[in-house]
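Results of the structural survey
Take a look at the letters that make up each chain.
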Amino acid sequence: MSSLHVCLFGKLEVRMCGSELTSSLSGKAQELLAYLLLHRRSHPREKLATLLWQHGSSQRTKAYLRKALWQLRDALESKTENASSVVRTDDDWIQINPEASPWADVVAFEAAFDAVRDCPASEMPPEDVRALQEAETLYRGDLLENWYEEWCLMERERLRDMFLRMLGRLARCCEHNGAYDTGIQYGLRLLRIDPARERGHRQLMRLRARAGNRIAALRQYERCAEVLDRELGVAPAAATRRLRDQIEADTFPDADGGPTRTPAAGTLRPNPCRRRAPVSGPKARHRRPRRRLFRTD
C-alpha cells in the first residue's frame with residue numbers, strides 16, 4: 001500500500017506514512033493534489049496555472065503554481081524522503097507518478113464500478129458484489145464538500161451520479177438474491193440523495209412487495225407521486241402506475257408478460273436451474289403455474 005493515503009469524498013483527508021497531513025497544506029496545495037489524483041495524467045504547467053488561478057497574468061499564475069507545488073512537496077518531505085516519487089515534474093509538465101500508486105478513495109470507488117459497469121446484476125459473481133459493497137462504503141459524502149471550484153463541481157456531479165447507479169445496482173443484486181431488507185436500505189439511501197428518482201421508487205416498491213409488505217410498497221408509490229408532483233410537477237410514469245396496480249392485485253408480470261402471483265414472504269422460490277418432470281393426465285390441469293421473479297428495470 002502507498003504511503004500516501006487521500007480521502008476525497010466528504011471532507012478532504014491527507015495522510016502520509018500514517019500521519020495527518022491535511023492541515024500542513026495550503027488551500028491551493030490541497031487543490032493541486034486533489035486535481036492531480038483525480039486526473040492521473042501529465043498536465044501542462046500553463047494549463048494547471050490557468051485552471052487553479054483563473055485571474056491574473058500568465059507569469060503570475062505560473063508563480064502561484066510553483067509556490068503551491070513547493071508547499072506540497074515540502075509537506076510530503078516532512079514525512080518521507082521520497083516525496084519526489086509521488087509528484088513527477090519537469091520544466092513543462094506535472095503529474096502524479098503512476099509508479100508511486102498513492103491510494104485515493106475516489107480511484108478505488110471508480111475502479112470497482114468500472115469493473116461491473118456492463119455486467120447485469122443477475123450475472124454478477126459474489127466477489128464482484130462484495131467489491132461493489134466495499135466501494136459503496138467509501139462514499140462518505142459528495143466529492144470535496146464545501147469546495148466550489150468549477151472543475152470540482154463537474155466532477156462532484158459525475159461521481160454522485162455514479163454513486164446513485166451503484167446503489168441501484170446493489171439493490172438489484174439484493175433483489176435477485178432474495179436479500180430484500182438489505183436491498184431496501186440501499187434503495188432508501190439512493191432516495192435520500194435523489195428523492196425524485198422515479199426508478200429508485202419503483203425498485204423500492206418491488207423490494208417491499210417481495211419482502212411480503214404490500215402496504216409499504218403501496219405507500220412507497222404514494223411517496224413517489226407526492227415527490228414528483230412537488231419537485232417536478234409531473235405524475236408517475238406509466239411503468240410506475242402499472243407496478244402499483246400489479247402490487248394492489250398481488251400480481252407481477254412474468255417473463256412473457258402474463259400475471260403471476262407473488263410468493264408470500266418467507267416461502268421458498270423454485271430453483272430456475274432445477275428441471276421438473278413433465279406432468280400428464282388429470283393432475284396436469286390442476287398444477288399451479290411455475291412462479292417467476294418479476295423483471296427489474
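This write-up is about the structure you can find in this document. These numbers come from a predicted model, not from an experiment.

Thoughts on the pairing of strand β6 (residues 93-96)
Of the strand pairs in this sheet, strand β4 (residues 43-44) and β6 are connected by two bridges, and their pairing is antiparallel. Bridge pairing in β6 places H43 opposite I94. For strand β5 (residues 87-89) and β6, the ladder comprises three bridges, and the chain directions are antiparallel. Note that in β6 the partner of V87 across the bridge is I96. What sits between β5 and β6 in their antiparallel hairpin is a turn of three residues.

Some details on the packing of aromatic side chains
Under the counting rule described, the total for this entry stands at seven aromatic pairs. Consider the rings of F109 and Y139, whose centres lie 5.9 Å apart with planes at 45°: the pair is tilted. Placement of F109 in helix α4 (residues 105-115) and of Y139 in the loop between α5 (126-138) and α6 (150-177) is noted, with a sequence separation of 30 residues between them. Across the pair, exposure class does not vary: F109 and Y139 are buried alike. Arranged with centres 4.0 Å apart and planes meeting at 0°, the rings of Y139 and F163 form a pair that is stacked. Of this pair, Y139 sits in the loop between α5 and α6 while F163 sits in helix α6, and the two are 24 residues apart along the sequence.

About the criteria used
Residues numbered from 1 in each chain as written. Predicted model: local features only at pLDDT ≥ 70, side-chain atom pairs only at ≥ 80, totals over all residues. Heavy atoms only, no water. Pairing = 2+ DSSP bridges. Helix = DSSP H or I, 4+ residues; strand = E, 2+ residues; numbered from the N terminus. Phe/Tyr/Trp six-rings, centres within 6.5 Å; stacked < 30°, edge-to-face > 60°. Buried < 20%, exposed > 50% of the residue type's maximum accessible area, 1.4 Å probe, protein only.

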